[in-house]
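A look at the structure
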Amino acid sequence: MIQLEHLNKTYTSDRSEVEALCDINLTINDGEIFGIIGLSGAGKSTLVRCINFLEKPTGGRVIFDGKDMASLTHRELLAARRRMSMIFQGFNLLSQRTVLKNVCFPMEIEKGMSRAQITAKAMDLLRTVGLEDKADSYPSQLSGGQQQRVAIARALATDPKVLLCDEATSALDPTTTQSILSLIKKINRDMGVTVIVITHEMKVIEQICDRVAVLDNGVIAEQGSVRDVFIHPKTEISRNLILPQGEVTEFIPGERCLRLVFDGDTLLEPVISTMTLECKCRVNILFANTKIIDSKTYGQMLIQMPEDELAQERIMAFLEDKNIDFREERADGNNEAC
Ligand SMILES: Nc1ncnc2c1ncn2[C@@H]1O[C@H](COP(=O)(O)OP(=O)(O)OP(=O)(O)O)[C@@H](O)[C@H]1O
Ligand SMILES: [Mg+2]
């Protein structure tokens, strides 16, 4: 278990002070996949680097397995870091070493294992990530997704309890992202490794995380189960992360729009077609996104209502009748719960 208590981090230089983290309180349970999401500059990388003490917090405590990280000796801190492996967006592989030698590297530093044992374990890990046939290739001969797989195998070489993933998929295309996320989920499930996923993409969170914390300007804006935060976002920042403005194409300012939330009980297709039939009007779908989380379907949809006010009333009455959550979205960003 990892506990963050009143964690603060301020970067100080001659000319300025940046308060990157402010009073962060989080508990990450053993075996879970915990997501930390926020916009660029929110403090995500700072937070993850404070967790493994690559960055020393200016205030508060990080408790890992019952021990205050600040109380560890240098040697104990290195051991704690081996139990909290990190993978990065940029993969950070050693270009002069083959794939196999990259995975061997953390075990060579650790000492205590014979060369044969190290090689056997590295081959095992390459099998886990599906790359045993690339053992003798060099990183430059691999695709981005393959390089990330090598980085994951290398991170697993020290038998970590925790995997810290800082934007591990943001340099990858959607299909490769999918396969890396599946691999992380498999490692969590089969090896019991706790995973902390840092990302700016809600879709990464939806896909693999159990719980999520939303970081905004160094502060936790909200935290909870992915389902709760996804369906009932309490803060503007969460709503923006779930429904990014840039993805809505034909937004016409002044028109009334509704954001519908499907919470796993309603089938998407029949609702919209039934609504247009029953309300005798058409709606313009500006954005739609449905997801499977834990075998349940969830989704968000932004619809533009017809100009006719009576039709608008009918639509909202219909949604209330069907128990579908909805909220009015305005072009000026001044949203009101309906
Ligand atoms: N070494 C540093 N010295 C001074 N300020 C820093 C340092 N590292 C980060 N910061 C500042 O702290 C804030 C948080 O940065 P951080 O890298 O944690 O954000 P992030 O959420 O990871 O962003 P991104 O999504 O772009 O990676 C930013 O304002 C950044 O400029
Ligand atoms: Mg970062």
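Refer to the structure printed above.
Parameters at a glance
- Residues numbered from 1 in each chain as written.
- Chains lettered and ligands numbered in written order.
- Predicted model: local features only at pLDDT ≥ 70, side-chain atom pairs only at ≥ 80, totals over all residues.
- Heavy atoms only, no water.
- Helix = DSSP H or I, 4+ residues; strand = E, 2+ residues; numbered from the N terminus.
- Contact = heavy atoms within 4.5 Å.
- Axes fitted to C-alpha atoms, helices over the stretch in contact; angles between N-to-C directions.
- Parallel < 35°, antiparallel > 145°, perpendicular 65-115°, else oblique.
- Left-handed = near helix turned anticlockwise from the far one by under 90°.
- Nonpolar A, V, L, I, M, F, W, Y, C, P; charged D, E, K, R; others polar.
- Near = heavy atom within 4 Å.
- Polar contact = N/O pair within 3.5 Å; in protein donor to acceptor, adjacent residues only side chain to side chain.
- Areas by Shrake-Rupley, 256 points an atom, 1.4 Å probe, with all protein chains shown as cover.
- Salt bridge = Lys/Arg side-chain N within 4 Å of Asp/Glu carboxyl O.
- Buried < 20%, exposed > 50% of the residue type's maximum accessible area, 1.4 Å probe, protein only.
- Core = buried A, V, L, I, M, F, W, Y, C linked by side-chain atoms within 4.5 Å.
- Pairing = 2+ DSSP bridges.
- Patch = residues over 30% accessible without salt bridge, like charges linked within 9 Å, V, L, I, M, F, W, Y side chains within 5 Å.

What follows concerns the side chain of Glu 55. Tracing the chain through its elements places Glu 55 in the loop between helix H1 (44-51) and strand S4 (59-64). Once residues lying within four places of it in the same chain are set aside, the contact partners of Glu 55 are Lys 9, Tyr 11, Arg 49 and Cys 50.

For the pair helix H3 (residues 99-110) and helix H5 (residues 144-156), interaxial distance at closest approach is 7 Å and the crossing angle is 30 degrees. In terms of orientation, H3 lies roughly parallel with respect to H5. Along this stretch, H3 crosses H5, giving a crossing that reads as right-handed. Counted together, Val 99, Asn 102, Val 103 and Pro 106 of H3 and Val 150, Ala 153 and Arg 154 of H5 form the full contact between these two elements. Partitioned by chemical class, the residues of the contact of H3 with H5 number five nonpolar, one polar and one charged.

This brings us to the site of ligand 1. Taken together, Tyr 11, Val 18, Ala 20, Leu 39, Ser 40, Gly 41, Ala 42, Gly 43, Lys 44, Ser 45, Thr 46 and Glu 167 make up the full set of residues adjacent to ligand 1. Interatomic distance of 2.5 Å between a side-chain N/O atom of Ser 40 and an oxygen atom of ligand 1. Measuring from an oxygen atom of ligand 1, one finds a side-chain N or O atom of Lys 44 at 2.7 Å. Protein chains bury 56% of the 640 Å² of accessible surface belonging to ligand 1 in isolation. For the shell around ligand 1, the secondary-structure elements that each account for two or more residues are strand S2 (17-28) and H1. For the shell around ligand 1, the leading source of residues is H1, giving three residues. The class makeup of the residues in the shell around ligand 1 is five nonpolar, five polar and two charged.

Counting across every chain of the model gives 15 salt bridges. Here Glu 110 makes a salt bridge to Arg 82, at a shortest N to O gap of 3.9 Å. Of the two residues, Glu 110 sits in helix H3 while Arg 82 sits in helix H2 (residues 74-82), which places them 28 residues apart along the sequence. Residue classification places Arg 82 among the partly exposed positions, given a relative accessible area of 31%. Between Arg 97 and Glu 108 there is a salt bridge, with its nearest N and O atoms 2.9 Å apart. You can see Arg 97 sitting in the loop between strand S6 (84-88) and H3 and its partner Glu 108 sitting in helix H3, a full eleven residues away along the chain. One network of salt bridges, with partners in common, ties together Glu 5, Arg 61 and Asp 68.

Core analysis: the biggest nonpolar cluster contains 52 residues, and Leu 126 and Ile 152 have the highest contact counts within it. Here the element with the most residues in this core is H5; it accounts for six residues. Each residue touching Leu 126, except ones within four places of it in the same chain, is listed here: Val 99, Leu 100, Val 103, Leu 131, Glu 132, Ala 135 and Ala 153. One finds Leu 26, Ala 42, Leu 77 and Ile 220 within the second-largest nonpolar core, a separate group that totals 30 residues.

Right, let's get into the sheet that holds strand S7 (residues 162-166). Ordered by their spatial adjacency, six strands build an open sheet running S6-S7-S8-S3-S9-S10, and the pairing between neighbours is mixed. Each edge of the open sheet is held by one strand with a lone partner, namely S6 and strand S10 (219-225). Across the sheet, the mean angle separating the axes of adjacent strands is 15 degrees when strand polarity is ignored. Each of S6 and S7 touches H5; the most contacted strand, S6, lies at about 170 degrees to it.

A word on a nonpolar patch on the surface. A cluster of nonpolar side chains, contributed by Leu 94, Phe 105 and Ile 109, occupies part of the molecular surface with about 240 Å² of accessible area. Structurally, Phe 105 is set in helix H3. Given a relative accessible area of 30%, Phe 105 falls into the partly exposed group.

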